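Read off the chains here:
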Amino acid sequence: MGTSTSLHRRAFLLGAGAAATAGVVGLGTAETAHAAEVAGTRVAPLWRAAARKGLLFGSSAATWQLEDADYADLHARHAALLLTEDDLLWWRLRPTPDSGLDFTYADRIVEFAERNRQLVLGAHLVWDQGFGDGWGEDDLWNIPEDRARELLYGTMRAVMRRYRHRVPIWSVVNEAIVNGTDTGHGGLREDVPWFQTIGPDYVAHAFRVAHDTDSHACLMMNDFGYETVNQWGDEPADKQRNTLRVLDDLLGAGVPVHAFGIQGHLLADRFHERFHARQYLRFLSELADRGLRILITELDVLDDGLPTATGPRDRMVADVYRRYLDVTLECADVVAVVDFGLSDRYTWLDEDYPREDGTHRRPLPFDADLRPVRAYHAERRSLGSAPRRRPAWKSPRTCTHR
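Residues numbered from 1 in each chain as written. Predicted model: local features only at pLDDT ≥ 70, side-chain atom pairs only at ≥ 80, totals over all residues. Heavy atoms only, no water.

### Overview of the side chain of Asn-222
Part 1 of the argument: Tracing the sequence through the fold places Asn-222 in strand 5 (residues 218-223).
Part 2 of the argument: Classification of Asn-222 by relative accessible area gives buried; the value is 1%.
Part 3 of the argument: There is a polar contact of 2.8 Å between the side chain of Asn-222 and the side chain of Thr-297.
Part 4 of the argument: What Asn-222 contacts, discounting residues up to four positions off in sequence, is His-124, Ser-171, Val-173, Asn-174, Glu-175, Gly-261, Ile-262, Gln-263, Thr-297 and Glu-298. (Helix = DSSP H or I, 4+ residues; strand = E, 2+ residues; numbered from the N terminus. Buried < 20%, exposed > 50% of the residue type's maximum accessible area, 1.4 Å probe, protein only. Polar contact = N/O pair within 3.5 Å; in protein donor to acceptor, adjacent residues only side chain to side chain. Contact = heavy atoms within 4.5 Å.)

Structure (structure tokens):
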């Protein structure tokens, strides 16, 4: 999400998230949890419905979540791709400006994916968030250019070298494009430490460094705000226009951008009115015309404006998934759908945006007890009915024993 949202989201990852494994929301007795595990791992895998149409289906995950064995089994069963939620962010890799690189958690998340024959989407090499309490304002904003370049690109190189040929897709630059009517610097946000210390070429240089380090990897730019008016009143058309402007500048200069990631944090409230399918498909077509693969990278549904009662709310959340995916997957250049988590047990939305009525949010295909809900069935139907396309990656998961 955007800058203010990311601050909240990473506060969760750095604080409450670590404690969540000890006391997750919505859990009942051990018997209930076991029954839920059985329910969640016996329904048809989402990745398989997608694969039949040439799509790659995945989900984000973090090592602290996967300490929950039932959730680890659920993720392994349903996801053919793992988006690293926070184990490749700097609060894990480089906790302080003077610390060396710590690959403990990054190794674990990549090894989990490999054990379960999942491709890895590494996130995020360049972002203005995700640093943790060990970093102060002066450590990022008030450093000389040569130090900023060494810090940013040196870390990038080290991370990509370690996982070369193991991470085929990288989110190289995340959330660098302006929102709303702000034009920024050619469409780029200026309120980013790397922009202030290195300059506007920090984005282009990041992609060049990434390509030089691993010439076989798919290099992606990732951002949000393309579907409907967001909670701050920003119009999607403005974000779409600025995105194409940024991409045209980069591609025109020969910068190796191979893919574009659309986060897909959807707002349920009046989605059927606010989502303009033709405009959205036109934007996807514009991305495809530039030779870019398109990935939906952080799909979930914020259920503000929906009833408190579980039944009606689940039906309306599922309707958002259906409407969005049925339109999005019309574009054959959309090659992957990645949920931002699979279960409400670990949704960041409960922490960052608690509902005013006090009920837990229900944004994902499985509830907090790992039982499939209507959103699961909506996703499976939309993936299964999508037009067939050529797979963008050869998945190691050609069959499953789960």
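### Some words on empty space enclosed by the protein
Part 1 of the argument: Across all of its chains, the model carries 7 cavities of 30 Å³ or more by this definition.
Part 2 of the argument: Together, 10 residues line the largest cavity, and Gly-225, Glu-227, Asn-230, His-265 and Leu-267 are the ones closest to its centre.
Part 3 of the argument: Grouping the constituent residues of the lining of the largest cavity by class yields 4 nonpolar, 5 polar and 1 charged.
Part 4 of the argument: There is about 60 Å³ of room inside the second largest cavity.
Part 5 of the argument: The wall of the second largest cavity is formed by Leu-89, Trp-90, His-124, Leu-125, Val-126, Trp-127, Gln-129, Phe-131, Leu-152 and Trp-194.
Part 6 of the argument: Looking at the lining of the second largest cavity residue by residue, the class counts come to 8 nonpolar, 2 polar and no charged. (1 Å grid on protein atoms, 1.4 Å probe; cavity = no way out; pocket = protein on both sides within 12 Å on 5 of 7 lines; lining within 4 Å. Points joined across faces, edges and corners; volume = space filled by probe spheres on them. Nonpolar A, V, L, I, M, F, W, Y, C, P; charged D, E, K, R; others polar.)

### So, the environment of Gly-130
Part 1 of the argument: Relative to the helices and strands, Gly-130 is located in the loop between strand 3 (119-122) and helix 8 (137-141).
Part 2 of the argument: Along the sequence, Gly-130 and Arg-92 sit 38 residues apart, while their C-alpha atoms lie 8.8 Å from each other.

### Thoughts on unusual backbone geometry
Part 1 of the argument: Backbone torsion omega between Ala-123 and His-124 reads -15°, so that peptide bond is classified as cis.
Part 2 of the argument: Secondary-structure assignment places His-124 in the loop between strand 3 and helix 8.
Part 3 of the argument: For His-165, which is not glycine, the phi torsion reads 70° and is therefore positive.
Part 4 of the argument: Considering the arrangement of structural elements, one finds His-165 in the loop between helix 9 (145-162) and strand 4 (169-174).
Part 5 of the argument: Of the residues examined, His-165 reaches a relative accessible area of 63% and is grouped as exposed.

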